[in-house]
Amino acid sequence: MSSAAPWNRAPRPTVPQRVLQCFLALSLPVLWLALAVRLVATPVFLWLEYHRPGFPADRWGMDVEERTTFGSYGLDYIMNLAPPEYLGGLVSPEGGLAFTPSEVSHMTDVRHVLQWGLLAATALLVLSALAGWYLHRTAPGAASRAWFAGSWLTVGLLVAAAVSALLGWEQFFTAFHGLFFSSGTWTFSTTDTLIRLYPAQFWVDAALTVALLTLADAFLTMLLTSRRARRLRDRRLRSRS
């Protein structure tokens, strides 16, 4: 009996092609997550949060306009290369410094993590594009199958993260910060500006939005890659009929 692949199936990928498929599948969750985080780290999301019904008001009297102003400064700081004085020199509505040195230091740490993470994701995107192009030329359909598998991997990781967050948000939030920041550098008093601008509800909403965007991207990838697979299968059927 012949060991060749069935006539209606794609040829079996070589070892290098399988390695590239694994790379594409494993990279996809990172890329979709990075895109979702970048979309959330925008003035649009910040404005929607502060203006949405039910968002907790500042207990010390900072109104929506002031929150939007200072929250935008914080967002701008983590997305640009401004010196610490960009935040450290701001004056609060009460007349004192808006951000303490420890708050500015933490925002600097956040900027490093976010910008290095986005830079790494950009490099991963370039490598994924090259791998996808190579597989498209040498093994049509292999990249689509890898991205389809990567989409399911994305869904699985999101479900695992959601279960962990639902079982204990505080523990999940603490563990997440522990991955990127030194102990004691990211905890603040409820009277500090960072907590007043970005309360716990803000991070719950941000995490939920990131998860939903990533999930939508994963399902869209499944749809597109499954359509691609059907077209390739139909093409092979026609070519052998």
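Model, not experiment: these values are computed from the prediction.

Quick notes on the rules
Residues numbered from 1 in each chain as written. Predicted model: local features only at pLDDT ≥ 70, side-chain atom pairs only at ≥ 80, totals over all residues. Heavy atoms only, no water. Helix = DSSP H or I, 4+ residues; strand = E, 2+ residues; numbered from the N terminus. Buried < 20%, exposed > 50% of the residue type's maximum accessible area, 1.4 Å probe, protein only. Contact = heavy atoms within 4.5 Å. Areas by Shrake-Rupley, 256 points an atom, 1.4 Å probe, with all protein chains shown as cover. Lys, Arg positive; Asp, Glu negative; His and termini not counted. Charge placed at Lys NZ, Arg CZ, Asp CG, Glu CD. Core = buried A, V, L, I, M, F, W, Y, C linked by side-chain atoms within 4.5 Å. pLDDT = per-residue confidence, 0-100. Patch = residues over 30% accessible without salt bridge, like charges linked within 9 Å, V, L, I, M, F, W, Y side chains within 5 Å. Salt bridge = Lys/Arg side-chain N within 4 Å of Asp/Glu carboxyl O. Axes fitted to C-alpha atoms, helices over the stretch in contact; angles between N-to-C directions. Parallel < 35°, antiparallel > 145°, perpendicular 65-115°, else oblique. Left-handed = near helix turned anticlockwise from the far one by under 90°. Nonpolar A, V, L, I, M, F, W, Y, C, P; charged D, E, K, R; others polar.

Asker: It is not clear to me how the overall build of the chain should be interpreted in this structure. Could you clarify?
Answerer: When its secondary structure is counted, the chain shows nine helices and zero strands. In sequence order, the secondary structure elements of the chain are arranged as α-α-α-α-α-α-α-α-α. Along the longest, intermediate and shortest principal axes, the C-alpha atoms of the chain span 85 × 35 × 30 Å. Taking all 241 residues of the chain together, the buried fraction comes to 36%. Considering only contacts within the chain whose residues lie at least 6 apart along the sequence, 76% involve residues at least 24 apart. Total accessible area on the chain is roughly 14400 Å²; 68% of this is exposed by carbon and sulfur atoms. Of the side-chain charges in the chain, 20 are positive and 15 negative, and the distance between the mean point of each set is 31 Å.

Asker: Would you mind going over the nonpolar core with me for this structure?
Answerer: Side chains of a nonpolar character, in soluble globular proteins, are inclined to be buried together. One finds L87, F99, L197 and Y198 to be the most contacted residues of the largest nonpolar core, which totals 30 residues. Residue contributions to this core peak at five residues, all from helix 5 (residues 101–138). Beyond its immediate sequence surroundings of up to four residues, F99 is in contact with F70, L87, G88, L90, V104, T193, L194 and L197. Listed in part, the seven residues of the second largest apolar core include L24, A139, A142 and A146.

Asker: Help me understand the confidence of the model for the chain, please; the structure alone is not making it clear to me.
Answerer: In low-pLDDT regions, the fine details of the predicted coordinates are not to be read closely. For the chain, the average pLDDT comes to 90, and 92% of its residues sit at 70 or higher. Low pLDDT, under 50, characterises residues 1–8; the stretch is placed with six contacts to residues that sit more than four places away or in other chains.

Asker: Looking at this structure, I do not really get a nonpolar patch on the surface. What am I missing?
Answerer: A cluster of nonpolar side chains, contributed by L26, L153 and L157, occupies part of the molecular surface with about 280 Å² of accessible area. Along the chain, L26 falls in helix 1 (residues 15–40).

Asker: Is there a simple way to explain the packing of helix 1 against helix 5 in this structure?
Answerer: Each pair of packed helices can be summarised by the angle the axes make with each other and by the distance between the axes. Where helix 1 contacts helix 5, the axes come no closer than 8 Å and their chain directions differ by 140°. The angle between the axes of helix 1 and helix 5 places the two elements in the oblique class. Crossing of helix 1 over helix 5 shows left-handed handedness. Facing Q17, L20, Q21, F23, L24, S27, V30, L31, A34, V37 and R38 of helix 1, the residues of helix 5 in contact are L114, L118, A121, L124, L125, L127, S128, A131, G132, Y134, L135 and T138. Here the residues of the contact of helix 1 with helix 5 sort into 16 nonpolar, six polar and one charged.

Asker: What am I meant to see in the pattern of salt bridges here?
Answerer: It is possible for side chains bearing opposite charge to pair when their charged atoms get close. Tallying each qualifying case throughout the model produces four salt bridges. In this structure, D205 and R52 form a salt bridge, with 2.8 Å as the shortest nitrogen-oxygen distance. One end of the pair, D205, is in helix 9 (residues 200–240); the other, R52, is in the loop between helix 2 (43–51) and helix 3 (64–79), and 153 residues separate them in sequence. Where R196 meets D58, a salt bridge forms, and the shortest distance between an N and an O atom there is 2.8 Å. Taken together, the positions of R196 in helix 8 (residues 193–197) and D58 in the loop between helix 2 and helix 3 put the pair 138 residues apart, joining distant regions of the chain. Across this residue pair, the class does not change: R196 and D58 are buried.

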